[in-house]
Structure formats: structure tokens, C-alpha cells
Amino acid sequence: MARALIEVLNLEVHYGGIAAVKGVSFAVEEGEMVCLIGANGAGKTSTLKALARLLPSRGEVHYGAERIDATPPHELIPRGLALVPEGRGIFARLTVAENLAMGAYHRSDKAGIAADLKRIHGLLPRLRERSAQVAGTLSGGEQQMLAIGRALMGRPKLLLLDEPSMGLAPLMVEKVFEVIRTVAAEGMTVLLVEQNAKLALELCARGYVMESGAITVADTSTNLLADPRVRAAYLGE
Amino acid sequence: MDILLQQIINGLTTGSVYAVVALGYTMVYGVIQLINFAHGEVVMIGAMVAFAVIAALAGSALPPAVIVLAGVLAAVPACMLLGYGLERIAYRPLRHAPRLAPLITAIGMSIILQHLALLVWGRNPIAFPQLIENPSYGIGGAAISGVQIAIIAISLLMMGGLSWLVYRTRFGIAIRATAENVHVASLMGVNADRVIAATFVIGAALGAMAGVMYGSYYGIAHYTMGFVLGLKAFSAAVLGGIGNIPGAMVGGLLLGLVEALGTGYIGDYTDLCRWPGAAEGGWMGERCADGAHFVLFGSNYQDVFAFLMLILVLVLRPSGLLGERVSERA
């Protein structure tokens, strides 16, 4: 077995007195694609935000050989950890090109940045067409593409994706997931949070099911897709 | 003399100073939604430091241009340090406090700085020694002085430089990204503390220059000069749309023009003796005899225009001329 790129032990997140994440533990190995599924309010987004240090948390987060549960958020991307936040989080008043440039903000290898931009333009041609356009004027799907492209500009080792299908038309969801599949096929480690459990499990090798702030089931996607509890609760059967 | 052209020249001069000061308010607001009410005092300190250095060197054998430059070179870093200190000591600890707390702190810092200046430089104005000749040039029936030309040119240069920094450089993109979403910007590796401190330092550097220019235009620097200047520049920032950089520039110039034109004409238009039917045997006949005047509002009402304009903007277009988002928070 490959070594874990990220390992989370007893992660807790509290909002005031309310516990949103109640001691979850999981791991993602290098090159793996893992999903975290569950209903709205199960604590999935809080978990990702805590990993990216946007929320205070308790518990341990090991990233490679380091502990990153007390690292300031801006020091994570230089270590290779990128989050595509829920609701995309693009800079609406910046142009598409400026958004992509922000993705590579921590890098100084000009040639590498230019090469990555070319690669991302190849992967997401719409972003090249709309380079000079203000990002707030893009469609929802294009904004999601931009958010993913921007994260890739940081050349991450671990990509955390929070609800990339949210608010998108089915055709657009298909395209976004195609991009994620391509990126993962190139060897990127991905942790995907999704409400659309079927879509997520079809894409990932393994999954964790989260309920009321705790992980209740952990298994391979094939088993989860066949699990009657999962089918009843998340696959609408 | 052409009053209209003259007032436009005067208005562009003060207006460009307002614009430069307004940038300090708007940049900080854009990034942390704080109205740094101590900014006017930073401008004042800039003028005081420069004038103190210039006054101390005035008797020396140094060439006048070097003396003025020494004043500026002392004021700018002093204010940058002050801007950084304000952010670090007064505002950063309150970053996550309720919004009223940093606002009250800003007013407190403003009072503290004013009184520090009073302690250091006393209550009498420091006069700007007439080191460099200030020639006057006639254009189209009006006059423009060397100081006015310098103020307008330096202000435009600084505005151009800031625009280049904010819209053309990597760090500028980071500033705008942080202004839009500090959390997502931090995911990109932007250290928000550094960006916020930078906006204070840049604003203070601009403020120091503005203080020196404003002081040399009127020939004096005084510990209270930052108050009204600060309020006017703040009005200019709101006029253009607070948080919006081109807005602060447009707002400053416009405010200067309105103020100058208003001041130039208010005396004439509120002179009852010039009203038709009032003099020449009318109801004001006796008082207006022998070409006398009866002015209701003279040019001492100068300060009214800036605040009238602020009120009008707040009523008619709260987001300002170029502002896109109406702030519900300030």
C-alpha cells in the first residue's frame, strides 16, 4: 500500500457550542481518488475547510511527514494542498486570466507557470476564450471550471474539491467531472466532497459516508454502491 | 481675470490632494471594510515632519531643492512606519471584533495622534519657509503658480503609479483578490496580514506626500489640519464609491472642483445687491448705495460644499459614482 498523503485523526469542528464534525478519522493515499459523501449538513464542508485551515479545529492532520493542523492557510498551497471551495470562490471582479494568475501566486517559476497555463487552457478551452473577461460574468459551469483551473495552476499534490456539481446543469456536471477524471488519471490525489453520491462513487475508488458529523461507513465504491443503507439514504432507492 | 478658469485651476489643485488622501481611505476600506479615521492625522504628521525638517534646515547652506527633498524623504518613511504601527497595534488585534470596535479605535487613534502632534510641535502653525521661488504663469486670463503645477503633476504621477501597482502587478492582483475574498485569497498562498499592512503603508506614503503638498499650498502646517482635510477626502472617497480606487481619484478631483467653483461664485450669487430689483430703488436700495455689497454667504462657507456633496451622494447614490456594491456595513 502507498503511504498516506493526508491522514486525519479525530478531527473536530465546533461552531460556538455546536459540534459540526465530531471526531472523524480518514486517510487518502498518494494518487488515490477518494470521496466523502453525505447529506446536506453532515459536516463534509466543515471537514474540508478545517483541512484547509479556514476553520479552527481539534485533532491531528498529517500531510506527508508534517502535521498541518496549526499551519496558517496561506502556507498550505506552497506545500501542495489546494482547496476548490464550495460555491467556487472565484474572484468575480478579477478577469479570468487574473484568477488563473492568482492560482500560481505562490510560485516563481515563470516558465513552469506559462507551461501550466497552456496545459490548463488545453484542458479547459473556454478559459482561454474568456481570458480577458471579468470572472463574475461567466456562467456557473464556467466559474466551476475556472475554480478548478485556478487550483491546478498552483500545481497541487492534493486537490480538495467541495461540491463541484452544486448548482450546475446535468450537462455541465458531466463536463466538470470529466475534467476531474482527467486530472486524477494524470496522478493527482483527489479528495472529493459531494452530495451527488452516485456520481461521486462512480468516479472514486473509495468513499466515506458522513452522517451528523461522523463517518459511519467506509468502503470501496463498488461495495458502497451495493450497500442497501447507502442506496436507501443517498441513491434515492 | 477669468474667475471660472481660475477656480478650475484652484479646484484641480486641492482636488488632486483630496484624491491622493482619499486613496488611503478607500484602499484600506476595500480590503478590511474599515474607515481609518486616523488617516487624516497621518497626513497631518507627514506635513509636520516635513515642515519641521525644512524649517530646521532652512538656515543651512544646502540648496533649497535639497532641503525640500530632505523634508519629503523624512515625512514619507515616518508616515509609512506610522501607518504600519496603526494597523499592527490598533487594528489587527480587533480584526475579528465587532465592526464598531475598530471604528471607535480609529477615532481614538485620530485624537491621540493630534495630541501627540500638539505636544511635539506646539499649538502654533509651522510656516513653510519661502525657499523656492514660486513663479506665476498666466493662462487664458487666469494664473497658475509653480506650486499648483507641481501639486497637480505629482498627484497625477502618484495616482498613475498606484493604478499600475494595483492593476498591473502580481501584488496588485493579490490586493484586489484579498479585497474580494480574504479566505480564498489565503488558499492561493496570499498572506492576508501582509496585504492588509501593505495597504496601510501605501496609503500612509500617499498621505505623507499629500500632507506636504497641502501644507506648501497654504504655506502652513498645523496639528489640526488633518481633521477637515481628512473628512473632505473621506467624502471624496464616498463620492467616488468607497473601496473603489478610480472612484477615489474621480471623487477627489470632482470635490475639489465643486468646492472651488462654489467658493468662487457663492459670494456673487448670494450678494443681495446684485439681485434684480433689490438695489436701485428696490427694497435693498439704501444698503446697496454706492456699489456696496450685501453678501449672505461669503467664501468662508468653503467647507460647506464638500459636506453638502457628501449628504447628496449618501441620499441619492449611496454606492458612490463608480461604486458597484452598496455597503450595508460601514
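The structure presented is a predicted model; accordingly, all values stated were derived computationally and were not measured. Going along each chain's sequence as written, the residues are numbered from 1 onward. Labels are handed out in written order, letters beginning with A for the chains and numbers beginning with 1 for the ligands. Given that the model is predicted, a residue must reach a pLDDT of at least 70 before its local features are reported, and side-chain atom pairs must reach 80 or more before they are shown or counted; all residues, however, enter totals for whole chains, interfaces and linings. Processing note: side-chain calculations cover all non-hydrogen atoms of the structure and skip hydrogens and water entirely.

Novice: When you look at the packing of helix α1 (residues 3-32) of chain B against helix α8 (residues 192-218) of chain B in this model, what are you seeing that I'm missing?
Specialist: Between two packed helices, what matters for the description is the angle formed by their axes and the separation of those axes. Residue and element names in this part refer to chain B. Here an axis means a line fitted to C-alpha atoms, over the contact stretch when the element is a helix, while the angle between two N-to-C directions is reported on a 0 to 180 degree scale. Under the DSSP-based scheme used, a helix requires at least four consecutive residues in state H or I and a strand at least two consecutive residues in state E, with every element numbered from the N terminus. The contact between α1 and α8 brings their axes to 9 Å, and the two run at 165°. The pairing of α1 with α8 is recorded here as roughly antiparallel in orientation. Handedness of the crossing formed by α1 with α8: left-handed. Looking at the contact of α1 with α8 residue by residue, the classes come out as 18 nonpolar, six polar and no charged. Angles below 35 degrees are treated as roughly parallel, those above 145 as roughly antiparallel, those between 65 and 115 as roughly perpendicular, and all remaining angles as oblique. Helix crossings fall into two classes, left-handed where the near helix is turned counterclockwise from the far one by less than a right angle and right-handed where it is turned clockwise. Under this grouping Gly is polar, as are all residues other than the nonpolar Ala, Val, Leu, Ile, Met, Phe, Trp, Tyr, Cys and Pro and the charged Asp, Glu, Lys and Arg.

Novice: Help me understand the sheet that holds strand β7 (residues 158-162) of chain A in this model?
Specialist: Strand-to-strand pairing in sheets goes through backbone hydrogen bonds, with the strands running parallel or antiparallel. Residues and elements named next belong to chain A. One open sheet holds the six strands; their spatial order is β6-β7-β8-β3-β9-β10, and the pairing between them is mixed. Each end of this open sheet is capped by a strand with a single partner; those strands are β6 (81-84) and β10 (214-220). The mean inter-strand angle of the sheet, taken between neighbouring strand axes irrespective of direction, is 15°. By definition, two strands form a pair when at least two bridges between them are found by DSSP. In terms of strand pairing, β7 meets strand β8 (residues 189-194) through five bridges, oriented parallel. Pairing of L161 across the sheet is with L192, part of β8. Sitting on the sheet, helix α6 (residues 170-185) is in contact with β3 (33-38), β7 and β8, with an inclination near 155° to β8. When checking whether two residues touch, look at their non-hydrogen atoms; a contact exists if any pair is within 4.5 Å.

Novice: I'm lost on the pairing of strand β1 (residues 4-15) of chain A in this one. Help?
Specialist: Every regular strand shows the same layout, with side chains that alternate between the two sheet faces. All names here are of chain A. Sheet analysis places β1 next to strand β2 (residues 18-29), joined by nine bridges and oriented antiparallel. Paired with E12 across the two strands is K22, which belongs to β2. Between β1 and β2, which pair antiparallel one after the other, the connecting turn spans two residues, and G16 there sits at a positive phi close to 60°. Of the strand pairs in this sheet, β1 and strand β4 (residues 58-63) are connected by five bridges, and their pairing is antiparallel. Residue pairing across strands places V8 opposite V61, the latter belonging to β4.

Novice: Is there a simple way to explain the pattern of salt bridges in this structure?
Specialist: If charged atoms from side chains of opposite charge come close, those side chains can pair. We count a salt bridge whenever a side-chain nitrogen from Lys or Arg sits within 4 Å of a carboxyl oxygen from Asp or Glu. If you walk through the whole model with that rule in mind, you get 23 salt bridges over all chains. Across the salt bridge formed by E87(B) and R95(B), the nearest N and O atoms sit 2.8 Å from each other. Residue E87(B) is classed as buried on the basis of its relative accessible area, which comes to 0%. Of the charged contacts, one joins K232(B) and E259(B) as a salt bridge, the two residues approaching to 2.9 Å between their closest N and O atoms. Of this pair, K232(B) sits in helix α9 (residues 225-240) while E259(B) sits in helix α10 (residues 245-269), and the two are 27 residues apart along the sequence. Of the two residues examined, K232(B) and E259(B), each falls in the buried class. Where salt bridges share partners, they join R107(A), D109(A), D116(A), R119(A), R155(A) and E186(A) into one cluster. To sort residues, take the accessible area from a 1.4 Å probe on protein chains only and compare it with the maximum for the residue type: under 20% means buried, over 50% means exposed, and anything in between is partly exposed.

Novice: Help me out: how do you make sense of the nonpolar core in this one?
Specialist: Most often, soluble globular proteins have nonpolar side chains that are buried together. Nonpolar core, defined: a set of buried Ala, Val, Leu, Ile, Met, Phe, Trp, Tyr and Cys residues in which side-chain atoms within 4.5 Å join the residues together. I6(A), L51(A), M102(A) and Y91(B) are the most contacted members of the largest nonpolar core, which has 119 residues in total. Dropping the residues within four chain positions of it, Y91(B) is found in contact with L34(B), N36(B), A38(B), L86(B), P102(B), T105(B), A106(B), M109(B) and F200(B). Judged by nonpolar contacts, the second largest core, of 47 residues, contains F177(A), A200(A), L201(A) and V230(A).

Novice: Is there a simple way to explain α8(B) in this structure?
Specialist: Owing to its 3.6 residues per turn, the α-helix brings residues three or four apart onto one side. One fewer than the residue count of a helix, multiplied by 1.5 Å, yields its expected span. Helix length check: α8(B) (27 residues) gives 39 Å between terminal C-alpha atoms against 39 Å at 1.5 Å per residue, within 8%. Pairing of N or O atoms within 3.5 Å defines a polar contact, subject to two protein rules: one partner must be a possible hydrogen donor and the other a possible acceptor, and residues neighboring in sequence count only if both atoms are side-chain atoms. The N-terminus of α8(B) is capped by N191(B), whose side-chain oxygen sits 3.2 Å from the backbone nitrogen of D193(B).

Novice: Whenever I open this one, the sheet that holds β1(A) confuses me. Can you help?
Specialist: Residue and element names in this part refer to chain A. Read from one edge to the other, the open sheet built from four strands follows the order β2-β1-β4-β5, with strand pairing classed as antiparallel. Either end of the sheet is taken by a strand with one partner, and the two such strands are β2 and β5 (66-67). Of the strand pairs in this sheet, β4 and β5 are connected by two bridges, and their pairing is antiparallel. Residue pairing across strands places H62 opposite R67, the latter belonging to β5. Relative to the sheet, helix α1 (residues 44-51) contacts β1, β2 and β4, its axis offset from that of β1 by approximately 115°.

Novice: What is the right way to read the packing of aromatic side chains from this model?
Specialist: For any pair of aromatic rings, geometry is given as the distance between the ring centres together with the angle between the planes. All names here are of chain B. The aromatic pairing rule takes the rings of Phe, Tyr and Trp, using the six-membered ring of Trp, and pairs them if the centres are within 6.5 Å, calling planes under 30 degrees apart stacked, those over 60 edge-to-face and the rest tilted. Summed over all chains, the structure comprises nine aromatic pairs over all chains. Aromatic pair Y214 and Y218: ring centres 5.0 Å apart, planes at 65°, arrangement edge-to-face. Of the two residues, Y214 and Y218 are both situated in helix α8; the distance of four residues between them amounts to about one turn of the helix. Y214 sits in the buried class, given a relative accessible area of 14%. A residue is classified by how much of its surface remains accessible, and Y218, at 42% relative accessible area, is partly exposed.

Novice: Which parts of the structure should I look at to understand the interface of chain B and chain A?
Specialist: A common measure of how large an interface is: the accessible area buried when the components associate. Taken together, the contact pairs 20 residues of chain B with 21 residues of chain A. In this description, buried area is defined as the sum, over both parts, of the accessible area (probe of 1.4 Å) that is lost when the two are combined. Between chain B and chain A lies a buried interface of about 2,000 Å² when both sides are counted; carbon and sulfur atoms form 63% of it. Looking at the side of chain B facing chain A, the largest losses of area belong to E180(B), L187(B) and M188(B), adding up to 36% of the total buried there. Linking chain B with chain A are one salt bridge. The salt bridge partner of E98(A) is R176(B), with a shortest N-O separation of 2.8 Å. Mapped by element, the contributors of at least two residues to the side of chain B that touches chain A are α6 (170-180) and α7 (182-187) of chain B. Looking at the side of chain B that touches chain A element by element, the count peaks at seven residues for α6(B). Taken together, the residues of the side of chain B that touches chain A sort by class into ten nonpolar, five polar and five charged.

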